[in-house]
Amino acid sequence: MLTCTALVVGSGVAGLTAAQALAARGLSVMVVEQGSVVGGHAAGYACKAGADCVLCGVCLAAQGIRSLRAAPGPVVRVDTSVVALEGSPGRFTARLVQRARGIDVARCTACGLCVRVCPVGAISPLPWAEEPRACVLDFDACLRASGNPCALCREACPFGAVRLEPGTREDTVTAAVVVVATGFTPFPASAKSRFGYGRLPGVITTMDLEQGLRQQGTAYLEHQAPAGRRLAFVHCVGSRDVAAGRGWCSQVCCPTALRLARRLAGDVPDLEATLFFMDLQRCAPGIARLFRVLPPEIHLVRGLPAEVRAGTGGLVVTYEDLATATRCQGEFDVIVLAVGMDGPPSVGGLPEGTGGFLTDLPRGVVAAGACGGPVSIAEAAAEGLRAAGAALKTLEELACPVPGRH
Amino acid sequence: MSGTGPALIICTCGGALAGRLVFDRLAATPGFGPVMVTQDFCMPEGWRRAAVWCRQAGADVLVVAACGTPAATEALGRVATAAGLDAHRATVVDVREACAWVHPEPRWATAKGVRLIAAAAAGLTEAVRTPPPAEIIPSGRVLVVGPSRAGLAAAGRLRELGCQVVVLDPSRSDSSRASPAGDPTSPDSVPIPGRLLEVTGQAGDFTARVETAEGILDLRVGAVIVAVEPPAHVPPPDTSSLLTLLAMERWIATAGTTPSLHGKTVAFLLEDCPWPSATESALSLALSLVRQGGRSLIYYRDLGVAGRGLEERFREARHAGVTFIRMESDPPRIGERDGRWVVEVDVPGLGLFAETADVLVRGDAARPPDLGDLAEALRVDLRPDGRGPGERMPLEPVFTERPGVFWIGPSRSPCTVDQAIRHGEAAAMAALAAAAPGRRAVSVQAIVDTGRCALCLTCLRVCPHRAVTIGDGPAIEVLPAACQGCGVCAAACPAGAIQMVEAPGRRLLAELDALLSGPALDGDPIIMFACANSAVPAARTLGRLRHAYADRILLVSVPCLGRIEPEHCLRPLAAGARRVLLCGCYDRSCQHLVGPRRARMAAERAAVVAGALGLDGGAIQTASVAPVDWHRLAALLDAVAAVAEEGGAGDRAARGEAAGERAAEGSAAGERTVKVGTGKVAA
Amino acid sequence: MIVAQQKPLEEIRHMVAGFRRLLVLGCGTCATVCFAGGEKEVSLLATALRAALGKDVAVEEATVQRQCEWEFLDQVRAGVGWADAVLSLGCGVGVQAVAERYPGVVSLPGLNTKFVGLTEAPGTWSERCLACGDCLLDRTGGICPIARCSKSLLNGPCGGAQDGHCEISPDIPCAWVLIHERLTRLGRTDLLEEIIPARDWRPSHAGGPRRVVRPDLRVLAEQEV
């Protein structure tokens, strides 16, 4: 049984900010992260700066991860899910399930010797991940999954960090308050089958593009469509769409599509990008200016495409141009679907509202960031601060001893 | 220092670096005393052994050649503590990600490693001892300027967290409109009409000079939250049928009901108003009018629905009968007929579309009050449009460049009610961190040499965080809780009177000199000054990816590019370096706001001097990179190495601008006015 | 403050040609504040000279609190003794003080001394005082027509001012326009009606090199007056 004063579920920008703020107040804080690395979605996104920063906020994730090293910092557990959460303010109990990672984070130096000896490439060093800088073993890909007694990695590791036993470990943690910062789930683009995602090559989502750019740079675009220079961004895929059961605006997709288009237009010669939108959401800091002075390679079309299909010279998009009220067709090489945000994966039976976003949480449980509704990265950081304050408030009400208070 | 010379620990990373580095040659780096080769420096057993060895070796300066992981840095900290070393007398040199993994040829990787190790040792001998931390006794009180929604949300949360709050109402208007949150019996919960004149001091310990009806008083506060609102100017009802959204909102809020609007048609013109805050108020007004039997028309181009619940309310309004008219390019033509407004727009597909309305409500963005005086009192810069600070990544959405001063609400950027409250609560937590009572130790990052200081006040003018003040002493003072350690002041000081604990001037120069000599590299060295917030993490990622780049590129880490002086750029060129690269954040992403610009200024000055000497001023180059964008850094490094290879001067192939060109523009000097590039503050 | 500006590097190079041991000497007071000869400028210039002059010439650097005081100059006796020439980054006073204190050493000016003035904004300095020796600022609203009027006129503008700017240097304001504005604001335009008589320029440099003597401050009885 573990104890802490504040349990933070999720290590995205909101969760890390909240955890850091609470730890800085002298509380004992535990961060539980479901994935293999901390940082959440934003930690996998690309920088979208052109000649100057366009305030996309991706650096905030890197910064939040670096801040974990500041003392006093929170305790972080990766590969761990919260399967049940019960109790009342002052006495919450969370049941944790930790998946075996195969490699002990505390003893791995990411030296790469195991990666080199693995005959099936089951170990990955996650080089772009900031924390923890340790390799991950994919048990499904490992030879031992098929009964082979291979232990080359364990023999190669100079530090005894390899643990070849798969499985899970259960634990319980008690906490006085809980901050839920489980983020969002990207809208499954294949659900809008008329756009051909997963069916037509060259149709990708903004999430794919973000991660592709981060990991491969502009070469990612080449992989999608060699010599492809005609891009279309389709806004509101899974947002403002009652038919798809998503009657909300995801807020970040318009700025994201524009920033991505600008970055690509700046870096890839002869690239042309067309943005298909409904209403441009340009209130985010710095964005109004970007929409005002568009580079000549970026075109705006009001009107969402009706469908995307494969043509002889590329992907054919049929749309109604609302500015002229005419039905048009355009040919593109890559279609980027600006997918919206759905609610977070469910956590230990917490109540969910529209779209799965958390709402009406019990006293003592505070939602931070996108799990309560779509937010940008910078707003998620502010959300983390807000949630930390709300959690502290609960502790004040409970008259829990809070260090640093008279 | 003991006579043995600095101690050196070399970590082989469990033997993983064998074959990639020649450890014997690393161990033979000149100038070192005892040397230890270990294979697990970052493991508990490894650093314990290292600590014991260090104590036995009697070393008081320690260089560890290991990796760039936080684990190595942490282990170094433990060794330093265990061996009784000052934190600034010990350092880690990354020979894994910066040498072994990125330079496939062991000879060159080792040669570079030797140079890095020698430079670290040279730097450490010039390092300053860690000064004792300063103590701040925060006031526990927060000043909120502006009893707006955001301000009251902040005040309410702060009171819940046990802070004392003083709310100042600079509009001096009737404060009954916004009822104060928290305990009304507490004397400090009523907004005091008054004006903020000046804020001196540092986060936790500000003195706010305030002018109230009772006169001028000095308040000791730990943090300041600015949340002013547009002035509460409410036009008298029924005298005008052309209103702004804000005026209409306030009119209805004060009047309660609006009998004069029963059965009337109101047109909301939001065509130049894509803000969610405008949509929010237009929707609620339009809905209430429709429900009272009137008619509402909303003209828009882009409906701002990027706020919680706005899209849902938009649909609700549509179902309730509010008419939405989307227009394209032309603004609506407004005319008058029989005492009513006629609004005519060209709707695509429908043609000209005319409607009559009794009241026109223009949705111009709520104009902030004139913030000039307030910004001056706080020493915070406003944006060109006169709104609050920001449009810079590190400041969004609640911070300002001055630690302990926060800025929220519509005077910063248009925000919905929900957002205003959220930002208020976020600012409250940020303010609490600065103001919460209880002694706090703050590490000192800048030391002023009182003997050298000429009190020229350059530091006071250039400090991006307003951390420099004129004290009572014979020199300027740096406020430790405000100082963020960027070193802009130290770089700008003409007397060399400010030493940054992390990057003292002599240490930087010593490191540079050591880097520029040593075993031969595969070509003349290229010095790259790298900002610790951006270029250093990006370079580490390159290392983790084992992305090869030219070994002649030698990276010098600085806390911010604003730390770079012309001398730092010139010295490598004079010593035979092929190029000097200043690589840091973008202007809008710099944590210290001015770093990239100060670096460009330093590069310009150095280029002018270099040019006069017949050196290639164009070899000094500035560039920006994000910490996560290793692709750009890789491309940049390749381009720089390629240019150096050609030896071509003034080549534009590399990203970033050569400094010489810009310097030529700025060199004209007036007849009786002396202008020197390095001293300029304005862009 | 005395405002100075570094000489062009070309000129400095020409000046120091032939010397084998060079001391670059900074001044920690006025020359530091105007970014012409403080420790950083000394270091930059020394680096530049080392690169320009090659290995055969030794360049050392030092900075004293004020070059215009004997005691401070005495602190660098060893360095000066070593050098063939001292390149002073002080004002003209500093260069001469070095020459006077060290008669056997060549003292060279690294700066052009420009004027007595103030820091208008970081990076910009402008002239305010000509040291004329007979101050009349009480009559001109605190704005000096001698230093700030290109023609040093005493009784109003010359008539060539355009839009408030000087006809000699259009980038500077006409001093008399400034004086008029200031006196208007102070409600003292009556001062303009008084004619300032032709000046006696003897207290200025026109009367030859000047000296100020305060017998009450003498330390040594036998000090020459």
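A.B. asks: Explain the overall build of chain A to me, using residue names and the numbers behind them.
C.D. replies: On a plain count of helices and strands, chain A comes out with 9 helices and 21 strands. By the compact-globule yardstick of 22 Å for 406 residues, chain A fits well, its C-alpha radius of gyration being 23 Å. Counting only C-alpha atoms, chain A reaches 65 × 55 × 40 Å along its principal axes. Across the 406 residues that make up chain A, the buried fraction comes to 59%. In chain A, once contacts between residues fewer than 6 apart in sequence are set aside, the share between residues at least 24 apart is 68%. As displayed, chain A has an accessible area near 15,000 Å², and 53% of this comes from carbon and sulfur atoms. Computing the positive centroid from 37 side-chain charges and the negative centroid from 34, chain A places the two 4 Å apart.

A.B. asks: I'd like to hear about the domain arrangement of chain A, residue by residue, with values.
C.D. replies: Quoted interface sizes are often the accessible area lost when the parts come together. All names here are of chain A. For chain A, the assigned domains read domain 1 (2-100 + 167-184 + 343-397), domain 2 (101-163) and domain 3 (187-341). Computed over C-alpha atoms, the centres of domain 1 and domain 2 are 27 Å apart. Across the domain 1/domain 2 interface, buried area totals approximately 820 Å², and carbon plus sulfur atoms make up 60% of it. Here domain 1 is connected to domain 2 by 5 residue pairs in polar contact (both at pLDDT 80 or more).

A.B. asks: Give me the lowdown on the sheet that holds strand S3 (residues 29-32) of chain A, citing residues and values where you can.
C.D. replies: Residues and elements named next belong to chain A. Overall, parallel pairing links the 5 strands, which are arranged S4-S3-S2-S10-S21 in an open sheet. For this open sheet the edge positions go to strand S4 (75-77) and strand S21 (365-367), each flanked by a neighbour on one side alone. In this sheet, neighbouring strand axes are inclined to one another by 20° on average, regardless of whether the strands run parallel or antiparallel. Note that S3 and S4 share 3 bridges and pair parallel. Within the sheet, the bridge partner assigned to Met-30 lies in S4 and is Val-75. Strands strand S2 (6-9), S3 and strand S10 (177-180) of the sheet are contacted by helix H1 (residues 13-24), whose axis makes an angle of about 165° with S3. Here helix H9 (residues 377-397) sits on the sheet and contacts S10 and S21; the angle it forms with S21, its principal contact strand, is near 165°.

A.B. asks: Break down the interface of chain A and chain B for me, with residues and values.
C.D. replies: Taken together, the contacts link 83 residues of chain A with 77 residues of chain B. Here chain A and chain B share an interface that buries about 6,500 Å² over both sides, 55% of which is from carbon and sulfur atoms. Where chain A touches chain B, the interface holds 13 salt bridges. Linking chain A with chain B are 36 residue pairs in polar contact (both at pLDDT 80 or more). Among the elements of the structure, helix H2 (58-67), helix H3 (113-117), helix H5 (206-216), helix H7 (253-267) and H9 of chain A are those that each provide at least two residues to the side of chain A that touches chain B.

Scoring rules and cut-offs
Residues numbered from 1 in each chain as written. Chains lettered and ligands numbered in written order. Predicted model: local features only at pLDDT ≥ 70, side-chain atom pairs only at ≥ 80, totals over all residues. Heavy atoms only, no water. Helix = DSSP H or I, 4+ residues; strand = E, 2+ residues; numbered from the N terminus. Rg over C-alpha atoms; globule rule 2.2 N^0.38 Å. Buried < 20%, exposed > 50% of the residue type's maximum accessible area, 1.4 Å probe, protein only. Contact = heavy atoms within 4.5 Å. Areas by Shrake-Rupley, 256 points an atom, 1.4 Å probe, with all protein chains shown as cover. Lys, Arg positive; Asp, Glu negative; His and termini not counted. Charge placed at Lys NZ, Arg CZ, Asp CG, Glu CD. Domains from an automatic or database assignment. Buried area = accessible area lost by both parts, 1.4 Å probe. Polar contact = N/O pair within 3.5 Å; in protein donor to acceptor, adjacent residues only side chain to side chain. Pairing = 2+ DSSP bridges. Axes fitted to C-alpha atoms, helices over the stretch in contact; angles between N-to-C directions. Salt bridge = Lys/Arg side-chain N within 4 Å of Asp/Glu carboxyl O.

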